[in-house]
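Residues per chain are reported as follows:
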Amino acid sequence: MPILAIDTATLVSSVAIATTDTLVAELTIQTRKTHSERLMPHIASLLTMAEMPQTSLKAVAVSIGPGSFTGLRIGLATAKALAYALKIPLIGVPTLAALAFACPAPGALLAPMLDAQKGNVYVGLYEWQDNTIVEVQPPQVKAFAEAQTELAKLGRPVLLLGEAAVMYRENIPNPAPAHVVMPRAGSIAVMAQQLYAQGVRHDVASLEPLYIRRSEAEELWERRQSRGCQSG
């Protein structure tokens, strides 16, 4: 049962196809091109390399955040369009959980972090229990320094993952290896297979990205409205 997975939550563009027990194909790349330029060509290339027509897909999975607002919107819009056109289910997979899923490290706390701008990070805590990734702390927005201080107080081994772990690697004693830091659609695809088996399906019309915080445009609009009210 092939599932196509999309992850554009960061600067990384990643697409993958997985069946019930096999990661069939994956294309992960980080370039200066935007997701709007490269996502559809990547999907087409992936299907061609996997020798898999679109009509053989049984579901579409997408990384739903938190992460880059623009990247999340492009990924979700593409996934919705494919699910609608092919009349197949849509499955949203949390971005931070997928990052933790890619790092099987029993006994350690996994702290995936993504850039939330202005010195802030999106961070969640996860751990492996009985071969299952479990959320210990839901995704939040914190200053990196604050997050690092809180993690140091936990008294357990903590492994930092994600792009923020790269951005702040000089402040991290034992950074994770590069191959588990980068977001991968392969993780989204495998997690989606598990969710599909559990009966999880998301509505094409109502599924929204998990933003956690407001965009800069929304904050700017609010400040302008506030100044307008004060001047009036």
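By the naming in an unreviewed UniProt entry, the protein chain is Peptidase M22, glycoprotease, taken from uncultured Sporomusa sp.

Engineer: Would you take a moment to explain the nonpolar core for this structure?
Structural biologist: Considering soluble globular proteins, one finds that nonpolar side chains tend to be buried as a cluster. Grouped together as the largest cluster of nonpolar side chains are 36 residues, with contacts concentrated most on Val93, Leu110 and Ile133. For this core, the two domains that each supply at least three residues are domain 1 (3-95 + 183-215) and domain 2 (96-171). In this view, Val93 contacts Val62, Ser63, Ile64, Ala98, Ile188, Met191, Ala192 and Leu195; residues no more than four positions away in its chain are not counted. In terms of nonpolar packing, the next biggest core, distinct from the first, is built from 22 residues, Ile43, Leu47, Leu57 and Val60 among them.

Engineer: So what exactly am I meant to see when it comes to the sheet that holds strand 9 (residues 158-161) here?
Structural biologist: Strand pairing within a sheet occurs via backbone hydrogen bonds; the two strands may be parallel or antiparallel. Spatially, 8-7-6-9 is the arrangement adopted by the four strands of the open sheet, whose pairing is mixed. The open sheet has two edge strands, strand 8 (132-143) and strand 9, and neither has a second partner. Direction aside, neighbouring strands of the sheet carry axes that sit 25° apart on average. The sheet contact formed by strand 6 (residues 109-117) and strand 9 spans four bridges and is parallel. Bridge pairing in strand 9 places Leu109 opposite Val158. Along the sheet, helix 4 (residues 144-152) makes contact with strand 6, strand 7 (120-129), strand 8 and strand 9, crossing strand 8 at roughly 140°.

Engineer: In this structure, what is going on with helix 1 (residues 35-49)? I would like to understand it.
Structural biologist: Along an α-helix, residues three or four positions apart point the same way, because every turn accommodates 3.6 residues. End to end, helix 1 covers 20 Å across 15 residues, agreeing with the expected 21 Å (1.5 Å per residue, within 8%). If you follow the buried residues of helix 1, they end up packed against strand 1 (3-7), strand 2 (13-18), strand 3 (23-29) and helix 2 (69-86). Positive phi shows up at Glu51, right after helix 1, with a value of about 55°.

Engineer: What is the right way to read the pattern of salt bridges from this model?
Structural biologist: Oppositely charged side chains can pair when the atoms bearing their charge come close. Following the criterion strictly, the structure yields three salt bridges and no others. Its salt-bridge partner being Arg184, residue Glu26 comes within 2.5 Å of it at the nearest N-O pair. Taken together, the residues Glu26 in strand 3 and Arg184 in the loop between helix 6 (178-181) and helix 7 (185-197) connect sequence positions 158 residues apart. Under the relative-accessibility criterion, Glu26 is labelled partly exposed at 27%. Exposure remark for Arg184: the relative accessible area of 32% places this residue in the partly exposed category. Between Arg156 and Glu127 there is a salt bridge, with the nearest N and O atoms lying 2.9 Å from each other. Highlighted residues: Arg156 in the loop between helix 4 and strand 9 and Glu127 in strand 7, separated in sequence by 29 residues. Assessed through its relative accessible area of 36%, Arg156 is described here as partly exposed. For Glu127, a relative accessible area of 15% puts it in the buried group.

Engineer: Is there a simple way to explain the side chain of Lys142 in this structure?
Structural biologist: Summarising the element assignment, Lys142 is placed in strand 8. At 3.3 Å, the side chain of Lys142 and the side chain of Gln140 are in polar contact. Among the polar contacts made by the side chain of Lys142, one reaches the side chain of Glu150 at a distance of 2.2 Å. Excluding its chain neighbours within four sequence positions, the residues that come into contact with Lys142 are Gly119, Asn120, Val121, Val123, Gln137, Ala147 and Glu150.

Engineer: Before we go on, may I ask you to explain a nonpolar patch on the surface in this structure?
Structural biologist: On the surface, Val141, Leu210 and Ile212 cluster together to form a nonpolar patch covering roughly 200 Å² of accessible area. Looking at the secondary structure, you find Leu210 in the loop between helix 7 and helix 8 (216-231).

Engineer: Explanation requested: the pairing of strand 6 in the structure shown.
Structural biologist: Working note: regular strand, side chains alternate between the two faces of the sheet. Across the nine residues of strand 6, seven count as buried, placing the element largely inside the fold. Of the strand pairs in this sheet, strand 6 and strand 7 are connected by five bridges, and their pairing is antiparallel. Directly across from Asp115, in strand 7, lies its bridge partner Val121. Between strand 6 and strand 7, which follow one another and run antiparallel, lie two residues, and Lys118 among them has a positive phi close to 60°.

The rules we used
- Sequence order sets the numbering: in each chain, residues are counted from 1 along the sequence as written.
- Only residues with pLDDT of at least 70 are given local features in this predicted model, and only at 80 or more are side-chain atom pairs given and counted; all residues enter the totals for whole chains, interfaces and linings.
- Each side-chain value is derived from all of the structure's non-hydrogen atoms; neither hydrogens nor water enter the calculation.
- What makes a nonpolar core is a set of buried Ala, Val, Leu, Ile, Met, Phe, Trp, Tyr and Cys residues whose side-chain atoms join them at distances within 4.5 Å.
- Remark: exposure states derive from per-residue accessible area (1.4 Å probe, protein chains only) relative to the maximum for the residue type, with buried under 20%, exposed over 50%, and partly exposed in between.
- Those domain boundaries reflect an automatic or database domain assignment.
- Contacts were defined at the residue level, with two residues in contact if any of their heavy atoms lie within 4.5 Å.
- Strand pairing is assigned whenever DSSP detects at least two bridges linking the two strands.
- Numbered from the N terminus, helices here are DSSP runs of H or I no shorter than four residues, and strands are runs of E no shorter than two.
- Each axis is a line fitted through C-alpha atoms, taken for helices only over the stretch in contact, and angles between the N-to-C directions span 0 to 180 degrees.
- Each helix should span, by expectation, one fewer than its residue count multiplied by 1.5 Å.
- Whenever Lys or Arg places a side-chain nitrogen within 4 Å of a carboxyl oxygen from Asp or Glu, that contact is recorded as a salt bridge.
- Under this definition, polar contacts are N or O atom pairs within 3.5 Å; protein pairs additionally need one hydrogen-donor-capable and one acceptor-capable atom, and for neighbouring residues in sequence, both atoms have to be side-chain atoms.
- Exposure above 30% relative accessible area and no salt bridge define the residues that can form patches, which grow by joining like charges within 9 Å and nonpolar side chains of Val, Leu, Ile, Met, Phe, Trp and Tyr within 5 Å.
- For the area figures, the Shrake-Rupley method with a 1.4 Å probe applies, and any residue is considered shielded solely by the protein chains shown.

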